[in-house]
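Understanding the architecture of this molecule
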Amino acid sequence: MDTTLLRIENLSKTFATVKANDNISLEVNKGEVVALLGENGAGKSTLVKSVFGLVKPDSGTITIKGEVIEAGDTAAAIRHGIGMVHQHFQLVPVMSVAENIILGDEPHKGAFISYAEARESVKELSDKFGLDIDPDAIVEDLPVGLQQRVEILKALRKNVDLLILDEPTAVLTPQEIEELLQVIRNLSSQGVGIIFITHKLREVLAVADRIVVLRNGKSVGTATPKESTESSLAQLMIGREVIFRLDKKEAKPGAVVLEIDDLYVKDDRKLMSVNGLSLSLHAGEILGVAGVEGNGQRELVEALTGMRPTVKGSFSILGEVAIGKNPHAIHTMGVSHVPEDREKDGLIATLSIDENLVLNQYKNPPFAKGWIRNIAAVNSYAAKMIEKFDVRTPSGKYPINSLSGGNKQKVVIAREMSQDSKIIIASQPTRGIDIGSIEFIHNQLLASRDSGVAVLLVSAELDEILSISDRIAVMYGGKIVAILDPHDVDRTQIGRLMAGATQ
Amino acid sequence: MKLKVTRDVLVPIASVLVALAIGAILIASQGHSPMTAYHVLIVKGFQSTAGLQSTLSKAGILIMSGLAITIGLRAGLFNIGAQGQVLSGALAFTYVGYRLHGLPIWIHLPVALVVGAAFGALVGGFAGFLKATRGVHEVISTIMLNSIMAGVVDYLTQNQFRLQGQPNTRTPEILHSARLPHIFGYPSGFLIAVLLAFFVSWVLKKTTTGFEFESVGRNRNAAWYAGISVKKTIVLGMLVSGAIAGFTGAIFSSETTGYFVPAFYSGIGFDGITVALLGRANPKALIPGAIFIGGMRSAQSAIQFEAGVAPDIINLLLALVLFFATAPFLAKLLKSNAKSITTTSGWGS
Ligand SMILES: Nc1ncnc2c1ncn2[C@@H]1O[C@H](COP(=O)(O)OP(=O)(O)OP(=O)(O)O)[C@@H](O)[C@H]1O
Ligand SMILES: [Mg+2]
């Protein structure tokens, strides 16, 4: 019996002058987990979008279970049993889990929707695949990991044979990642083929049956987890050795530049999520904020950068009270901000890469002289940034939209780390970025810190926090519950504190 | 980029052709000759001197009202209420135009035009203020302001501003010192409109205000993050949009009507929406569409007399053009707006 589920043959796709996919061939067998690896801009998303019909390839064929599927037609892809979970969830927030899952294909009794049947079928599905979920929970009340689970169930209800996951773990907590990997194993044991994209080599080694590496749009090699190590994979991806070691000198902390005193902030649902938090940040140090997502980190960062009003308490920047100031005023005080959600806050999708690289400096010389903007200055500055931060694009004149996920993130990083700021507040700065570029960004952060800049690093990646922080603040329930020294701390201790255990 | 330019040019042309084809079928179904009707359209609209003069004069007005809508769209605002702002600007201009005696043209005309623009700005800016402070959607508030302004100008024309001893309700005549001179027999309003289009385009591309408009129009969250005051930009956007609409009313009074009767101005603000959408909210690209519509409008009555076709056919053609040209564009506009507000897309892509 033929076990080949998906066969991609000689697929090519060119955008303007970029060969995003260059003659790629790939097979996925029934029940096989294929991990796609590659640097930012290597062509991973383009490849899976072609399979799901979101992108129309220039040439090549895609066959599933022996049938060729029409190119560039998502409806056809779905009909042929292909499912894709987007990071941008397509869920109705105010409806229940069961309602969301049946949406578009509701079981009914006469003219009425049969909710009992809906709940039943959701239960059945989640039992079958080991995806535990409460069918009556309201989607907006669920953490991201469970919302993603709803998306997966939605796809499974359509009887998928092939499930595509494009960086599903980028926004998950370590615990949620573990659960997702388990879900992937369950699905594959039921015969579902899976294409899994991630930049985290640990996940690849943990779950993949086969690893396919793309570089510059070409498929450059295949490996199995058994014969691979993180460094052998990195080498294959980048074409050079990655050292995984940072150039970290002893920190020389200076005066306090950011002082937070008993701060209270509400979240979007008007619930108090920063609960009397106090913290001070010194010049020349990297203070890592560790915590399970949803413990007030986002609200804290937004309050400190002027994006969100505070309820009570205060904070001061370089000795000046900064409460109630808008983002522009805080930026002018010397604060750079890498926002957590780059698409929503950090970038304007339809403007050019050049414009986005000076987004919050558009009024400053040399980019403007009074009322008149100096476009030439913008372009030449942007060209330097593109070069320095290795943003993969033929030209800065293209809209930000044309960049791959990781390259968009590099644009935000480039903009925020290249201003003469005193404080850098970075929220998930390396989310979606490939390992080579992470190394570069970490070294840049360390260089800034060595030149006296204070860095507040909020990250869901414990490894990131442990490797570059000088001090670690553990956040739980909207407060800092412990301040630790990275030298004498272990992961389990941090993990317990993050989960709310008292010291 | 290249692909986009050709698309932006092709879609309007294609929609005009399709509209003309459907129009031809309709004209034929009424027992008239479409060839004759379109022949009259071309001759009266674009070939005869008088026809061309009238076309350009109308085109100038359309360009300006199109610009009023365009600048709003670029800041993410749909100013449905250009009509009310046109009326307000026109009446204010007319009043200054007949009341201030003894001024030389180079003082009287500019002063009256500025007053006209200011009154348009007042009405538009009010809608912007409501949106920025109270969250009232500009489509709702400007539609209501349209009705309010229609009532106000009616009242004023019938009472305080009425020319007494006349059977029909109208204002006194605008003085010569407030009337736009013609240049070699051609309307100078058209020239002003084209210059204004280039100026608006320059402002959008080359100034910080233009960047603020573009940013707020595309992604309010990111604009706020970038240090742009979204509320100020909304008020300013509606203010400028209203000012251009008021200016349009003023120029029309000065160049064409000579005195104020509300009915003279009907449709100007709404044709502006057609022009702006045909030009895909691009200040320079709307010029050809405006000339085309101006030609249709100026040949409207001739079509009836010479080809026997009901003048409504012109309205129908324009509606068809608008329908074909803008349905996809509008859909895209609305979709991208919704996207920027509510969702984020994948980390992988
Ligand atoms: N719509 C588009 N227009 C122009 N270029 C595009 C478009 N989509 C992708 N590209 C280009 O194709 C290349 C591959 O992009 P793709 O999104 O597939 O990368 P990726 O491997 O998913 O990267 P990442 O790890 O950053 O998500 C990139 O150089 C990107 O700039
Ligand atoms: Mg990608």
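Scoring rules and cut-offs
Residues numbered from 1 in each chain as written. Chains lettered and ligands numbered in written order. Predicted model: local features only at pLDDT ≥ 70, side-chain atom pairs only at ≥ 80, totals over all residues. Heavy atoms only, no water. Helix = DSSP H or I, 4+ residues; strand = E, 2+ residues; numbered from the N terminus. Rg over C-alpha atoms; globule rule 2.2 N^0.38 Å. Buried < 20%, exposed > 50% of the residue type's maximum accessible area, 1.4 Å probe, protein only. Contact = heavy atoms within 4.5 Å. Lys, Arg positive; Asp, Glu negative; His and termini not counted. Charge placed at Lys NZ, Arg CZ, Asp CG, Glu CD. Areas by Shrake-Rupley, 256 points an atom, 1.4 Å probe, with all protein chains shown as cover. Patch = residues over 30% accessible without salt bridge, like charges linked within 9 Å, V, L, I, M, F, W, Y side chains within 5 Å. Salt bridge = Lys/Arg side-chain N within 4 Å of Asp/Glu carboxyl O. Phe/Tyr/Trp six-rings, centres within 6.5 Å; stacked < 30°, edge-to-face > 60°. Buried area = accessible area lost by both parts, 1.4 Å probe. Polar contact = N/O pair within 3.5 Å; in protein donor to acceptor, adjacent residues only side chain to side chain. Nonpolar A, V, L, I, M, F, W, Y, C, P; charged D, E, K, R; others polar. Domains from an automatic or database assignment.

Points about the overall build of chain B
Scanning chain B from N- to C-terminus turns up 14 helices and two strands. Radius of gyration (C-alpha) of chain B: 21 Å, near the 20 Å computed for a compact globule of 349 residues. Along the longest, intermediate and shortest principal axes, the C-alpha atoms of chain B span 70 × 50 × 35 Å. Across the 349 residues that make up chain B, the buried fraction comes to 53%. Taking the contacts inside chain B whose residues are at least 6 apart along the sequence as the reference set, 77% of them involve residues at least 24 apart. Of note, chain B has its 24 positive side-chain charges centred 10 Å away from the centre of its 10 negative side-chain charges.

What about the overall build of chain A?
Regarding its fold elements, chain A presents 17 helices and 24 strands. Its C-alpha atoms give chain A a radius of gyration of 24 Å, within 12% of the compact-globule value 23 Å for 503 residues. Summarising its shape, the C-alpha atoms of chain A cover approximately 70 × 50 × 50 Å along the three principal directions. Every one of the 503 residues in chain A was classed for burial, and the buried ones make up 55%. Relative to all contacts within chain A whose residues are 6 or more apart in sequence, the contacts with residues 24 or more apart total 68%. Of the roughly 21,000 Å² that chain A leaves accessible, carbon and sulfur atoms contribute 50%.

Looking at a nonpolar patch on the surface
A grouping of B:Leu100, B:Ile105, B:Trp106, B:Ile107 and B:Val111 is seen on the molecular surface, where their side chains present a nonpolar patch of about 450 Å² in accessible area. Given the relative accessible area of 35%, B:Leu100 is considered partly exposed.

Re the packing of aromatic side chains
Overall, the coordinates contain 10 aromatic pairs over all chains when judged by the stated rule. Aromatic side chains A:Phe389 and A:Phe440 sit 5.4 Å apart centroid to centroid with 85° between the ring planes, which places their arrangement in the edge-to-face category. Residue A:Phe389 is located in the loop between helix H13 (375-388) and helix H14 (405-417), and its partner A:Phe440 is located in helix H15 (residues 435-450); the two are separated by 51 residues in the primary sequence. The class for A:Phe389 is buried, based on a relative accessible area of 4%. On the numbers, 5.5 Å between centres and 75° between planes, the contact of B:Phe252 with B:Tyr265 is edge-to-face. With B:Phe252 in helix H10 (residues 230-257) and B:Tyr265 in the loop between H10 and helix H11 (268-278), this residue pair connects regions lying 13 residues apart in the sequence.

A short note on the interface of chain A and chain B
At the interface, 45 residues of chain A touch 26 residues of chain B. Taken together, the two surfaces of chain A and chain B that pack against each other cover about 3,300 Å², and 63% of this comes from carbon and sulfur. Inspection of the region where chain A meets chain B yields 11 residue pairs in polar contact (both at pLDDT 80 or more). Looking at the side of chain A that touches chain B, the elements that each hand over two or more residues are helix H1 (44-52), helix H10 (327-332), helix H11 (342-346), strand E20 (372-373) and H14 of chain A. The class makeup of the residues in the side of chain A that touches chain B is 14 nonpolar, 15 polar and 16 charged.

Thoughts on the domain arrangement of chain A
Residue and element names in this part refer to chain A. Domain boundaries in chain A define domain 1 (4-238), domain 2 (246-334 + 421-503) and domain 3 (341-419). The tally of links from domain 1 across to domain 2 stands at three salt bridges. Across the pair Lys-200 and Glu-461 runs a salt bridge, and its minimum N-O distance is 2.9 Å. Looking at the side of domain 1 that touches domain 2, the elements that each hand over two or more residues are helix H7 (201-207) and helix H8 (230-238). Counting residues per element, the side of domain 1 that touches domain 2 draws most heavily on H8, which supplies three residues.

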